[in-house]
Amino acid sequence: MSKLNKKHVEDLAVKGKKVLVRVDFNVPMKEGKITNDNRIVAALPTINKLVENGAKIVLCSHLGKPKNGPEDKFSLKAAADRLAELVSTKVTFAKDDTVVGDNAKAAVAAMNDGEIVVLENTRFRGAEETKNGEEFAKELGALVDGEFFVMDAFGSAHRAHASTAGVTKFVKETAVGYLMNKEIDFLGNAVEDPVRPFVAILGGAKVADKLNVISNLLDKCDTLIIGGGMAYTFLKAKGFEVGTSLVDDEKIDYCKDMIAKAEKNGKKLLLPIDTTITKSFPDPIDAAVEVSVVDSDKIPADMMGLDIGPKTMELFAAEAKAAKTVVWNGPMGVFENPILAKGTIAVAKGLAEADATTIIGGGDSAAAVVQLGYSDKMSHISTGGGASLEYLEGKVLPGIDVIQNK
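Residues numbered from 1 in each chain as written. Predicted model: local features only at pLDDT ≥ 70, side-chain atom pairs only at ≥ 80, totals over all residues. Heavy atoms only, no water.

*Asks:* Quick question: what am I supposed to make of the overall build of the protein chain here?
*Replies:* From N to C terminus, the protein chain includes 14 helices and 17 strands. What you see for the protein chain is a C-alpha radius of gyration of 23 Å, in line with the 22 Å of a compact globule of 406 residues. Viewed in the frame of its principal axes, the protein chain has a C-alpha envelope of about 70 × 45 × 35 Å. For the protein chain, the proportion of its 406 residues judged to be buried stands at 56%. Summarising the internal contacts of the protein chain: among those between residues at least 6 apart in sequence, 76% fall at separations of at least 24. By element, 49% of the accessible surface of the protein chain is carried by carbon and sulfur atoms, the whole surface being about 16700 Å². In the protein chain, 50 side chains carry a positive charge and 57 a negative one; their mean positions are 3 Å apart. (Helix = DSSP H or I, 4+ residues; strand = E, 2+ residues; numbered from the N terminus. Rg over C-alpha atoms; globule rule 2.2 N^0.38 Å. Buried < 20%, exposed > 50% of the residue type's maximum accessible area, 1.4 Å probe, protein only. Contact = heavy atoms within 4.5 Å. Areas by Shrake-Rupley, 256 points an atom, 1.4 Å probe, with all protein chains shown as cover. Lys, Arg positive; Asp, Glu negative; His and termini not counted. Charge placed at Lys NZ, Arg CZ, Asp CG, Glu CD.)

Next up, the structure:
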């Protein structure tokens, strides 16, 4: 599974041909401005290769979750404008509420070789996109004369949508781009053929989100570290008092099973040994809070744990530094709050200093690493939170599955 036996963008003879590329331009926006263009930058190798090879490139992506059809705040215009600053060719934004209507068709028809058209947000088509509607998929394929489709949106590869999977039925040749290839190489090698010791670090709020990941990683890794809100369900499963901390009572038996599985398989399962506690969750999330630190088996009944404590920070960071492969998904505490971000910072620093292949599994941990300025110290930062989690679970991702094999 670690090596992708899929057609690659380099295998396509695209000169003078139209190519539909599914990119992930689902970038964070504030007041109409892009606050982080990482995902656009990550798509550049594939886009530039197609430009260089003289293709007519049509890019499609979703942005956010528009609930009421087309809305300006979910338009891909800002992403198209940013792309135009990053490439050395003409970029045209096809403003078209139906995504593939007259405006889009006219823009594509007017293209010269090596130019780019960016389509409007695919989710402006609502359920036709998200429920993999055949008509919309067919229209996307027709826009590029049923020629080529390149999948380079790892962040959407776990969804079988019209623009990620359905469209492949209406084009002759399909391939993956550089970003897809890189994601699967790193995540796949980590899970299937890691250099050991292999340490997996899981954080975030809910055990339920990561059930299958925990079980799958316990089969593959040497050490599994659990932090974040999900740690308290494990601590409760061990019989500890966890106060008012976040707990998923329905998953306590599952946590007991995982603790037993780790023991049976000779794996280390590390939980927080001390905890940063406070009276209540900060409101707003970055508000000042009064905190204290207690051992994890001594949380008072009226307090909640919102970050790992200093002894745990040392323990987790040391384990990461001793590893040769590390996969990290999910923060260690409420990292949006400066007082409760220390655990996440300590783990990020430990990974940055490790002599290991370090893979950050998208989502909040990727945001934390970028925010803390450690991006260039990591081997790979995944562009897909949900997709990387499903891949770590051992699931087949529909957006990869549909691409033709070599």
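*Asks:* Got a minute to help me understand the layout of surface pockets in this structure?
*Replies:* To find the voids left in a structure, one rolls a probe of water-molecule size over its atoms. When its volume is computed, the largest pocket comes out at roughly 980 Å³. Taken together, 34 residues line the largest pocket, and the ones lying closest to its centre are R39, G363, S382, T383 and G384. Those elements that provide at least two residues to the lining of the largest pocket are α1 (38-52), α6 (178-192), α12 (363-371), β17 (380-381) and α13 (385-392). Residues that form the lining of the largest pocket fall into these classes: ten nonpolar, 18 polar and six charged. Within this model, the second largest pocket holds a volume of roughly 500 Å³. Looking at the lining of the second largest pocket, the elements that each hand over two or more residues are β14 (304-308), α12 and α13. If you tally residues by element for the lining of the second largest pocket, the top one is β14, at four residues. (1 Å grid on protein atoms, 1.4 Å probe; cavity = no way out; pocket = protein on both sides within 12 Å on 5 of 7 lines; lining within 4 Å. Points joined across faces, edges and corners; volume = space filled by probe spheres on them. Nonpolar A, V, L, I, M, F, W, Y, C, P; charged D, E, K, R; others polar.)

*Asks:* Quick question: what am I supposed to make of the sheet that holds strand β4 (residues 56-60) here?
*Replies:* Sheet strands associate in pairs through backbone hydrogen bonding, adopting either a parallel or an antiparallel arrangement. One open sheet holds the six strands; their spatial order is β5-β6-β4-β1-β7-β8, and the pairing between them is parallel. Strands with a single pairing partner mark the edges of an open sheet, and in this sheet they are β5 (91-94) and β8 (173-176). Ignoring which end each strand starts from, the neighbouring axes of this sheet average 25° apart. Here β4 pairs with strand β6 (residues 116-119) via three bridges, running parallel. Looking at β6, one finds that L59 is bridged to V118. (Pairing = 2+ DSSP bridges. Axes fitted to C-alpha atoms, helices over the stretch in contact; angles between N-to-C directions.)

*Asks:* How should the side chain of S61 be read in this particular structure?
*Replies:* Examined against the element boundaries, S61 turns out to sit in the loop between β4 and α2 (77-86). One polar contact links the side chain of S61 to the main-chain carbonyl oxygen of V23, over a distance of 3.4 Å. Here F25 takes part through its backbone nitrogen, which lies 2.9 Å from a polar atom of the side chain of S61. Every residue in contact with S61, bar those within four places of it in the chain, is listed here: R22, V23, D24, F25, N26, L76, E120, N121 and T122. (Polar contact = N/O pair within 3.5 Å; in protein donor to acceptor, adjacent residues only side chain to side chain.)

*Asks:* What exactly am I supposed to notice about the sheet that holds β17 here?
*Replies:* Taken together, six strands build an open sheet; the order of strands is β11-β10-β9-β15-β16-β17 and the sheet is parallel. The open sheet has two free edges, formed respectively by β11 (268-270) and β17, since each of these has just one partner strand. For strand β16 (residues 357-360) and β17, the ladder comprises two bridges, and the chain directions are parallel. Looking across to β17, one finds that I360 is bridged to I381.

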